[in-house]
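Examining the three-dimensional arrangement
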Amino acid sequence: MTTEMTAAQLPAALLTAAGIEAPAEEIAEISRFYEALRDQVEQLYLVETADGGPPPSHLHRAGEPSLSNGPADD
Amino acid sequence: MTEQIPQTIAAAASAIRAGDLTSAGLTSALLDRIGQLDPDLGAFVTVSRERATEAAARADAELSAGRDRGLLHGIPLAVKDIISTREMPTFGNSRVTDQGWGNGTDAPAVRRLRSAGAVVIGKTTTNEFASGLGDPSKGFPEPRNPWDSERTPAGSSSGSGIAVAAGMALGALGTDTGGSVRAPAAAVGISGLKPSHGRVPKSGVIPLGYSQDTVGPMARSAMDCALLLEVLAGADASDPSASDVRVPRYAQLLTGSVEGTRVGVPARYFFDSPELDPQYRDAVIAAIDLLGDHGAVVVDTEVPLARESRDASTLLWICDGYAYHRRNLLTRWSDYGRPTRTLLAQAAFYSAADYVQAQRVQNRFRSELARIFADIDVLIVPSALGVAERFSDMKVERRRLGPNFLAQWSLAGNPVIAIPCGFGEGGLPCSLQVVGPAFGEAAVLRVADAYQRLTSFHLRRPPRPSAATDKS
């Protein structure tokens with residue numbers, strides 16, 4: 001059986017998993033920043049880097065095979 | 001008693017050699033000034049009155065005996081309290097730090113200053129572990145901006161900035177991971193240099209972001225920063241990241257000329273952000289125009305990935321800091337100040353892939369800057385969005401999420417100096433940054449020094465009681 005976790009519960013769960021025991025109001029504060037910063041982190045994956053290969057965003061372009069679903073059939 | 005205290009290291013060095021000043025007299029006057037001003041400004045965690053007095057007397061005796069260690073000989077300096085010093089404890093502004101941290105030894109940067117004859121007068125306040133904000137509940141001095149005590153002196157090298165601005169030290173060491181030398185330098189109206197990553201050894205310094213940490217000089221002028229840097233720079237066996245790139249005699253390269261120097265001005269992001277205070281922006285543009293009037297070639301430049309490089313820098317140092325502090329965060333959460341623990345704990349949310357992607361952005365941004373610096377000598381951008389904020393107006397969200405002109409150069413590892421360029425709202429200092437190519441400190445310092453020979457903003461001092469006065 002799996003337990004579904006809401007997005008709002010995720011930060012607290014991650015902190016708990018990391019072993020951090022913080023008061024609820026501080027977890028809420030950390031979570032707010034996490035949510036705000038998450039968009040900025042996602043933007044980093046859109047940067048075309050110069051170390052070879054296609055930018056990561058290409059892997060998930062609509063209509064193309066996604067590595068998360070395994071390799072496309074040849 | 002009224003003491004005549006030179007404003008700059010260079011002026012003090014000249015006065016000492018001319019016989020107009022002794023290190024003992026200078027040190028005594030600065031210690032008196034600390035006693036007078038610091039209770040209200042909160043710049044110092046520890047003042048080493050006795051040892052500093054002894055060191056100054058030794059410096060004078062050496063000079064009298066004909067031994068001159070150079071222009072720092074007998075000059076009183078302050079050291080940020082995350083840098084180890086043999087005679088004073090290092091707290092890092094934290095109740096978490098082991099009392100024996102540093103083991104009573106000098107960090108290489110401090111050792112080099114002492115070998116050059118400098119007198120260490122005290123340890124200066126910092127944000128806890130050079131991150132976050134202060135937490136008044138922890139019992140350390142609360143640093144205040146000497147121009148307006150209701151405003152922040154910025155950080156994290158807050159005390160070093162205050163000490164120089166208020167004339168309690170002629171120079172100081174700071175550290176800069178994402179702007180911690182330049183932000184306070186800008187907020188209090190002094191000069192602060194973040195050297196290239198690896199230019200100055202950072203062993204003996206409590207780490208924050210391994211991949212971006214630097215030790216840098218803070219002083220009234222670019223010339224003084226040059227004098228300090230040429231003593232501080234160079235490889236050291238204790239720091240594998242310290243570079244063996246040759247160390248020039250920086251001060252000798254400051255010609256006062258910008259004739260033919262190509263100055264890149266990136267309008268996008270750095271000058272067109274709606275959050276940038278117009279008066280602050282105008283002060284920076286006026287400085288660029290002045291350099292243009294004196295022979296600099298001003299070039300419109302594009303710096304790509306300004307926003308992304310800032311975000312990558314922040315992600316990397318938060319994760320680096322979390323790695324260093326994780327064990328203590330798990331067991332001593334409440335011993336950390338709240339701003340520090342809630343900041344560093346965010347790293348628990350980032351994945352290894354996020355960290356690697358930030359490093360990939362770092363590589364790309366370095367390549368972009370190398371391409372840009374093939375065509376220009378320096379970039380000039382504002383140091384901040386506006387003058388130092390009032391404590392009552394400070395918003396952590398704005399600081400973390402809004403535009404920022406400091407972190408890009410930390411991510412790339414390039415040298416950059418913040419220098420005063422005028423005064424804005426409330427009579428508070430405005431500041432610009434001169435950015436150079438990797439290990440191009442000479443170009444950065446030369447442009448900053450040339451600007452300071454044309455202006456006097458860097459010599460303006462905050463108002464203070466009349467008992468302590470300066471000679472120019």
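None of the values given here were measured: they were computed from a predicted structure. (Residues numbered from 1 in each chain as written. Chains lettered and ligands numbered in written order. Predicted model: local features only at pLDDT ≥ 70, side-chain atom pairs only at ≥ 80, totals over all residues.)

1. Here's the deal with the overall build of chain A
- Counting its secondary structure elements, chain A contains 2 helices and 0 strands.
- Split into buried and exposed, the 74 residues of chain A put 15% on the buried side. (Helix = DSSP H or I, 4+ residues; strand = E, 2+ residues; numbered from the N terminus. Buried ≥ 20, exposed ≤ 12 C-beta atoms within 10 Å, placed from the backbone.)

2. A closer look at the overall build of chain B
- Each helix and strand counted, chain B has 14 helices and 13 strands in total.
- In terms of its C-alpha atoms, chain B occupies a principal-axis envelope of roughly 60 × 60 × 45 Å.
- Counting every position in chain B, which comprises 472 residues, the buried fraction comes to 60%.
- Counted over contacts in chain B with a minimum sequence separation of 6, partners at least 24 positions apart contribute 80%. (Contact = placed C-beta atoms within 7 Å.)

3. Details of the environment of Phe-140 of chain B
Residue and element names in this part refer to chain B.
- With respect to the helices and strands, Phe-140 occurs in the loop between β4 (119-124) and α5 (158-165).
- A tally of 23 C-beta atoms within 10 Å means that Phe-140 is categorised as buried.
- If near-sequence neighbours (up to four positions away) are discounted, Phe-140 is found in contact with Val-45, Asn-93 and Thr-125.

4. Some remarks on the interface of chain A and chain B
- Every contact between the two is made by 24 residues of chain A and, on the other side, 24 residues of chain B.
- When residues of the side of chain A that touches chain B are traced back to their parent elements, those giving at least two are α1 (10-17) and α2 (24-44) of chain A.
- A per-element tally of the side of chain A that touches chain B places α2 of chain A first, with 11 residues.
- For the side of chain A that touches chain B, the per-class residue count stands at 16 nonpolar, 4 polar and 4 charged. (Nonpolar A, V, L, I, M, F, W, Y, C, P; charged D, E, K, R; others polar.)

5. Quick notes on the pairing of strand β6 (residues 191-194) of chain B
Residues and elements named next belong to chain B.
- Burial along β6 is two-sided: Ser-191 and Leu-193 facing one way and Gly-192 and Lys-194 facing the other are all buried.
- Strand direction decides the pairing type here: β6 and strand β7 (residues 214-219), joined by 2 bridges, are antiparallel. Looking at the pairing, Gly-192 lines up with Met-218 of β7.
- One ladder, built from 3 bridges, connects β6 with strand β11 (residues 416-423); its direction is antiparallel. Bridge pairing in β11 places Leu-193 opposite Ile-417. (Pairing = 2+ DSSP bridges.)

6. A look at unusual backbone geometry
All names here are of chain B.
- The step from Gly-155 to Ser-156 runs through a cis peptide bond, and the omega angle for that step is 15°.
- Among the structural elements, Ser-156 can be located in the loop between β4 and α5.
- Its identity is not glycine, yet Ala-130 carries a phi of approximately 65°, on the positive side.
- Phi at Leu-305 is positive, roughly 65°, even though this residue is not glycine.
- Relative to the helices and strands, Leu-305 is located in the loop between β9 (297-300) and α9 (306-331).

7. Notes on the packing of α9 of chain B against helix α11 (residues 352-372) of chain B
Residues and elements named next belong to chain B.
- For the pair α9 and α11, the least separation of the axes is 9 Å and the interaxial angle reads 135°. Classed by the angle they form, the pair α9 and α11 counts as oblique. The element α9 and its partner α11 pack so that their crossing is left-handed. Touching Glu-308, Ser-309, Ala-312, Leu-315, Leu-316 and Cys-319 of α9 are Asp-354, Tyr-355, Ala-358, Val-361, Gln-362 and Phe-365, all from α11.
- Its residues placed into classes, the contact of α9 with α11 shows 8 nonpolar, 2 polar and 2 charged. (Axes fitted to C-alpha atoms, helices over the stretch in contact; angles between N-to-C directions. Parallel < 35°, antiparallel > 145°, perpendicular 65-115°, else oblique. Left-handed = near helix turned anticlockwise from the far one by under 90°.)

8. Details of helix α7 (residues 222-232) of chain B
Residues and elements named next belong to chain B.
- In terms of residue burial, α7 counts as a mostly covered element, since 11 of its 11 residues are buried.
- The complete set of buried residues in α7 reads Ala-222, Met-223, Asp-224, Cys-225, Ala-226, Leu-227, Leu-228, Leu-229, Glu-230, Val-231 and Leu-232.
- One or two residues past the end of α7 sits Gly-234, with phi positive at roughly 125°.

9. Regarding the nonpolar core
Residue and element names in this part refer to chain B.
- In terms of nonpolar packing, the biggest core is built from 156 residues, with Leu-77 and Ile-417 touching the most fellow members.
- It is α7 that contributes the most residues to this core, 9 residues altogether.
- Residue contacts for Ile-417: discarding those within four places in its chain leaves Ser-191, Gly-192, Leu-193, Ala-222, Cys-225, Gln-433, Val-434, Val-444, Leu-445 and Ala-448. (Core = buried A, V, L, I, M, F, W, Y, C linked by C-beta atoms within 7 Å.)

10. Remarks on the pairing of strand β10 (residues 378-382) of chain B
All names here are of chain B.
- Across the 5 residues of β10, 5 count as buried, placing the element largely inside the fold.
- Residues of β10 alternate between two faces, with Val-378, Ile-380 and Pro-382 on one and Leu-379 and Val-381 on the opposite face, all of them buried.
- Note: β10 against strand β12 (residues 429-435), 4 bridges, orientation antiparallel. Of the residues in β12, the one forming a bridge with Val-381 is Gln-433.

11. Some points on the sheet that holds strand β2 (residues 44-47) of chain B
Residues and elements named next belong to chain B.
- Taken in spatial order, the 11 strands make up an open sheet running β2-β4-β3-β5-β7-β6-β11-β12-β10-β8-β9, and their pairing is mixed. Only two strands of the sheet have a single partner each, and these edge strands are β2 and β9. The sheet shows a mean angle of 30° between the axes of neighbouring strands, direction not considered.
- As defined by bridge partners, β11 adjoins β12 across 7 bridges and the pair is classed as antiparallel. Directly across from Val-416, in β12, lies its bridge partner Val-435.

12. Here's the deal with the environment of Ala-235 of chain B
Residue and element names in this part refer to chain B.
- Summarising the element assignment, Ala-235 is placed in the loop between α7 and β8 (262-265).
- Judged by the 17 C-beta atoms lying within 10 Å of it, Ala-235 is partly exposed.
- As for Ala-235 and Arg-262, which are separated by 27 residues in sequence, their C-alpha atoms are 30 Å apart.
- Residues in contact with Ala-235, not counting those within four places in the same chain, are Ala-242, Ser-243 and Asp-244.

13. What to know about the environment of Gln-408 of chain B
Residues and elements named next belong to chain B.
- Assignment of secondary structure puts Gln-408 in helix α13 (residues 407-412).
- For Gln-408, a count of 30 C-beta atoms within 10 Å gives the class buried.
- With 95 residues separating them in the primary sequence, Gln-408 and Ser-313 have C-alpha atoms 6.9 Å apart.
- Once residues within four sequence positions are removed from consideration, Gln-408 is found in contact with Ala-306, Ser-309, Arg-310 and Ser-313.

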